Amino acid sequence: MTRNHGSLGRASGSRIMDIRNSPTTAFSEPTQTPEQTASHKDYNDSSREDISRRLAVAASANLRLKSLVRLVASGNATPDEFNEFQSHVDAITAANSSTATEEQEQMETSPLPCKDAASYTQPFLDFINENPTVFHAVQYFETKLHKAGFAKLNERANWSTGKVKLERGGKYFVTRNGSSLIAFAVGDNYKVGHNGVGMIAGHIDALTAKVKPVSKKSSVQGYTMLGVAPYAGALNNTWFDRDLGIGGRVLVKQSDGKIASRLVKLGWPIARIPTLAPHFGIPTSGAFNKETQMVPVIGIESSVEALEQHMKAHNTLDGCFASTQPPKLVQLIANELGISDYSTIITWELELFDTQPGVTGGMNKEFIFAPRIDDKLCSWAALEGLIEAADCAKNGGSIALVGLFDDEEIGSRLRQGAAGNFLPSVIERIVDTFAESEQGRSNLLAQTFANSFLVSADVTHAVNPNFANAYLPDHMPRLNVGVTICADSNGHMTTDSVSTAFLTEIAKRCGSELQVFQIRNDTRSGGTVGPMLSSAMGVRAIDAGLPQLSMHSIRATTGALDPGLGTKLFRGFFELWEEVDAEFRED
């Protein structure tokens, strides 16, 4: 039943059950009928720890039992489902135990325990604070995936015969342009065509100000200025008077003649866009010209002669890239990367970013105040969910996949964007690798798409208490509640009744609460990667993301529990989507 704030399904308030390590928590009393309570008492009188351990072993190989465990733990089990669950408990209690060695081997392949939502808050903040650009974010995800046992694929190599080969039971990732990433796990029982792909897709780019190809500008009244251009809606009024850092990637020619991509970020703010004091009257009221009135100040002009001598000493010749940039900035970037010959800097892609760290706030620290929440938030939670669910997905028959794209904020129409061929080509190559030679591969690809499901995960609007009248009643997402299903009657979102029912069932089984958002008729909805991906592949799809305040501000607000709540649902999607999909199949 839909709650007043727009939730879908039943609110359990409980986390996904850990049936290995927390028996007393995992089987705490849910709301039950008197008959269920009497039946459950017998279970409570038996050895909780022993039964929890045996259930974990059994559930690791039985999707139906795992689903029943979740339903009972969250209080969402029907009387029939509870009785079915109880029959499993009775059978395990009555059966002779396996040897300790056999149980330990099975336990090692059972699903990882789910953490409490609050335990994800600081790891998310660390990610936000340490990875200010899209290139740093992708590098972070690469490192995390390597540690989780994922192998990196080369998009230019053959995935059937190359150095890294696709195999059933394998975990892989591939990047494009250093700014987009796709990671996936192939089930041991994957059958090409018959089984589909469970996908979560999002974007990792954020509003920013990019350094222009020629960023050196004439000094103004003794100030050194930096030429930048707004990316999407950046350089809005929230960029005034912020401490801005700089970072990105630098292409460098090495001594062996090869071109290397190096990531860089300076450890202090170097730029600021100052406001004009209100005492000056009309010129302070805006609108402000982004070319002439929002130019970052990066220093006070020093000795031109000394700078020229320094640049020449480091081989900065007229016509080379370094000569088109502010000399002191070149010196700082080169020092950070250990480059002494500035002529080896071929080019760079640098951007400005807010250096104020993301923090928890509020009287109970229930908020996250941070830059770049849109959309590092859903992207981070999606990849966390995949990593946690990867071993479970390995035991299944489908593919679990996360796609994180660049350029969503400017339309996604570059090769690293969601409107490019990155995701469809990855799925096509997976199908091609596992297809038998006599099978029709185009038919198998179409069949795979038809058997797949996509969650387009992008942040949405939390209700703003100062502007509640801007929202539809019953469509007001709250922080620290859960993921929000986003709908739009004009196709800006890919949500429909089938996909809503699908995700609602998954949320029910993993104990997550859903909310709902749709914008008013007299305002315009934003867009996501969902419609372009679902239409390109023909997959069933839904738009669902975590809520935030102050979207497209240089700093925004989300709930301290929201990174964990997103991870919980996304992990549940990967663990349960194949089971739920079986209930939607037509003969």
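About the thresholds
- Residues numbered from 1 in each chain as written.
- Predicted model: local features only at pLDDT ≥ 70, side-chain atom pairs only at ≥ 80, totals over all residues.
- Heavy atoms only, no water.
- Helix = DSSP H or I, 4+ residues; strand = E, 2+ residues; numbered from the N terminus.
- Buried < 20%, exposed > 50% of the residue type's maximum accessible area, 1.4 Å probe, protein only.
- Areas by Shrake-Rupley, 256 points an atom, 1.4 Å probe, with all protein chains shown as cover.
- Lys, Arg positive; Asp, Glu negative; His and termini not counted.
- Salt bridge = Lys/Arg side-chain N within 4 Å of Asp/Glu carboxyl O.
- Polar contact = N/O pair within 3.5 Å; in protein donor to acceptor, adjacent residues only side chain to side chain.
- Pairing = 2+ DSSP bridges.
- Axes fitted to C-alpha atoms, helices over the stretch in contact; angles between N-to-C directions.
- Parallel < 35°, antiparallel > 145°, perpendicular 65-115°, else oblique.
- Left-handed = near helix turned anticlockwise from the far one by under 90°.
- Contact = heavy atoms within 4.5 Å.
- Nonpolar A, V, L, I, M, F, W, Y, C, P; charged D, E, K, R; others polar.
- Core = buried A, V, L, I, M, F, W, Y, C linked by side-chain atoms within 4.5 Å.
- Phe/Tyr/Trp six-rings, centres within 6.5 Å; stacked < 30°, edge-to-face > 60°.
- Expected span 1.5 Å × (residues − 1).
- Bend = angle between axes of the 7 residues up to and from the residue.

**Considering the overall build of the protein**
Part 1 of the argument: Each helix and strand in the protein was counted, giving 16 helices and 21 strands.
Part 2 of the argument: Going through the 587 residues of the protein one by one, you find that 52% of them count as buried.
Part 3 of the argument: Of the roughly 25800 Å² of accessible surface on the protein, 50% is carried by carbon and sulfur atoms.

**Section: the side chain of aspartate 205**
Part 1 of the argument: For aspartate 205, the position within the fold is in the loop between strand S5 (197-203) and strand S6 (208-216).
Part 2 of the argument: Salt bridges are absent for the buried aspartate 205, whose nearest opposite-charge side chain, lysine 376, sits at 7.1 Å.
Part 3 of the argument: Reaching out from aspartate 205, the side chain makes a polar contact with the side chain of tyrosine 231 at a distance of 2.6 Å.
Part 4 of the argument: From its side chain, aspartate 205 meets the backbone nitrogen of glutamate 408 in a polar contact 3.0 Å long.

**Looking at the pairing of S5**
Part 1 of the argument: For S5, the tally of buried residues reaches 7 of 7 residues, placing the bulk of the element in the interior.
Part 2 of the argument: The two faces of S5 match: Val197, Met199, Ala201 and His203 on one face and Gly198, Ile200 and Gly202 on the other face are all buried.
Part 3 of the argument: Pairing of S5 with strand S14 (residues 399-405), which is carried by 7 bridges, proceeds in the parallel orientation. Following the sheet pairing, isoleucine 200 is matched in S14 by valine 402.
Part 4 of the argument: Pairing between S5 and strand S15 (residues 453-456): 4 bridges, direction parallel. Paired with glycine 198 across the bridge in S15 is phenylalanine 453.

**Some thoughts on the packing of helix H14 (residues 497-510) against helix H16 (residues 562-582)**
Part 1 of the argument: The contact between H14 and H16 brings their axes to 9 Å, and the two run at 115 degrees. One finds that H14 runs roughly perpendicular with respect to H16. The way H14 lies across H16 gives a crossing that is right-handed. Contacts from Phe502, Glu505, Ile506, Ala507, Arg509 and Cys510 in H14 reach Lys568, Leu569, Gly572, Phe573, Leu576, Trp577, Glu579, Val580 and Asp581 in H16.
Part 2 of the argument: Looking at side-chain class alone, the contact of H14 with H16 contains 9 nonpolar, 1 polar and 5 charged residues.

**A closer look at the pattern of salt bridges**
Part 1 of the argument: Scanning all chains against the criterion turns up 19 salt bridges.
Part 2 of the argument: For glutamate 575, the salt bridge identified is with arginine 571, shortest N-O distance 2.8 Å. Here the residue glutamate 575 and the residue arginine 571 both occupy positions in helix H16, the gap between them amounting to 4 residues, near one helical turn. There is no split in this pair, since glutamate 575 and arginine 571 are both buried.
Part 3 of the argument: Put simply, Glu505, Arg509, Glu579 and Glu583 are held in one network by salt bridges that share partners.

**Describing the sheet that holds strand S12 (residues 359-361)**
Part 1 of the argument: Ordered by their spatial adjacency, 3 strands build an open sheet running S12-S13-S21, and the pairing between neighbours is antiparallel. Where the open sheet ends on each side, the last strands, each with one partner, are S12 and strand S21 (556-559). Put simply, the sheet's adjacent strands are angled 35 degrees from each other on average, direction ignored.
Part 2 of the argument: Examined bridge by bridge, strand S13 (residues 367-370) and S21 share 4 bridges and lie antiparallel to one another. Bridge assignment links phenylalanine 367 to a residue of S21, and that residue is glycine 559.
Part 3 of the argument: Each of S12 and S13 touches helix H7 (residues 121-130); the most contacted strand, S13, lies at about 5 degrees to it.
Part 4 of the argument: Here helix H11 (residues 373-394) sits on the sheet and contacts S13 and S21; the angle it forms with S21, its principal contact strand, is near 25 degrees.

**Points about the nonpolar core**
Part 1 of the argument: Counting residues in hydrophobic clusters, the biggest one holds 60 residues, and the most contacted among them are Phe141, Ile200, Val455 and Phe573.
Part 2 of the argument: In terms of residue count, H11 provides more of this core than any other element does, 12 residues in total.
Part 3 of the argument: Beyond its immediate chain neighbours, meaning those up to four positions away, phenylalanine 573 contacts Gly198, Met199, Ile200, Phe453, Val455, Phe502 and Ile506.
Part 4 of the argument: Of all hydrophobic cores here, the second largest spans 35 residues; its members include Ala209, Val252, Ile273 and Leu337.

**Describing the packing of helix H8 (residues 134-147) against H11**
Part 1 of the argument: H11 packs onto H8 with a crossing angle of 10 degrees between their chain directions and a minimal axis gap of 11 Å. What the angle tells us is that H8 and H11 run roughly parallel. Facing H8, whose interface residues are Ala137, Tyr140, Phe141, Lys144 and Leu145, H11 presents Lys376, Ser379, Trp380, Leu383, Glu384 and Ile387.
Part 2 of the argument: In terms of residue class, the contact of H8 with H11 is made up of 7 nonpolar, 1 polar and 3 charged.

**Side note on the environment of glutamine 356**
Part 1 of the argument: Tracing the backbone through its elements, the reader meets glutamine 356 in the loop between strand S11 (345-354) and S12.
Part 2 of the argument: On a C-alpha basis, the gap between glutamine 356 and proline 371 in space is 7.9 Å, while along the polypeptide they are 15 residues apart.
Part 3 of the argument: Those residues in contact with glutamine 356, other than ones at most four positions away along the chain, are Arg242, Pro371 and Arg555.

**Concerning the side chain of glutamine 325**
Part 1 of the argument: Tracing the backbone shows glutamine 325 in the loop between helix H9 (304-313) and helix H10 (327-337).
Part 2 of the argument: Judged by relative accessible area, which is 0%, glutamine 325 ranks as buried.
Part 3 of the argument: Side-chain polar atoms of glutamine 325 contact the backbone oxygen of proline 213, separated by 2.7 Å.
Part 4 of the argument: Side chain to side chain, glutamine 325 and threonine 324 meet in a polar contact 2.7 Å long.
Part 5 of the argument: Apart from residues no more than four positions distant in its own chain, glutamine 325 is found in contact with Val211, Lys212, Pro213, Val214, Ser215, Lys216, Val330 and Trp348.

**A closer look at the packing of aromatic side chains**
Part 1 of the argument: As enumerated under the stated definition, the model contains 19 aromatic pairs in all.
Part 2 of the argument: When the centroid spacing of 5.5 Å and the interplanar angle of 65 degrees are considered together, the rings of phenylalanine 124 and tryptophan 380 count as edge-to-face. One end of the pair, phenylalanine 124, is in helix H7; the other, tryptophan 380, is in helix H11, and 256 residues separate them in sequence. Of the two residues, phenylalanine 124 and tryptophan 380, both sit in the buried class.
Part 3 of the argument: Taken together, a centroid distance of 6.1 Å and an interplanar angle of 45 degrees make the contact between phenylalanine 453 and phenylalanine 573 tilted. A residue pair is termed long-range when its members are at least 10 positions apart, and phenylalanine 453 in strand S15 and phenylalanine 573 in helix H16 qualify at 120 residues.

**Here's the deal with H11**
Part 1 of the argument: The end-to-end C-alpha separation of H11 is 31 Å, in line with the 32 Å expected for 22 residues at 1.5 Å each.
Part 2 of the argument: Its axis deflected by about 45 degrees at glutamate 388, H11 carries its strongest bend there.
Part 3 of the argument: Across the 22 residues that make up H11, a large majority, 20, are buried.

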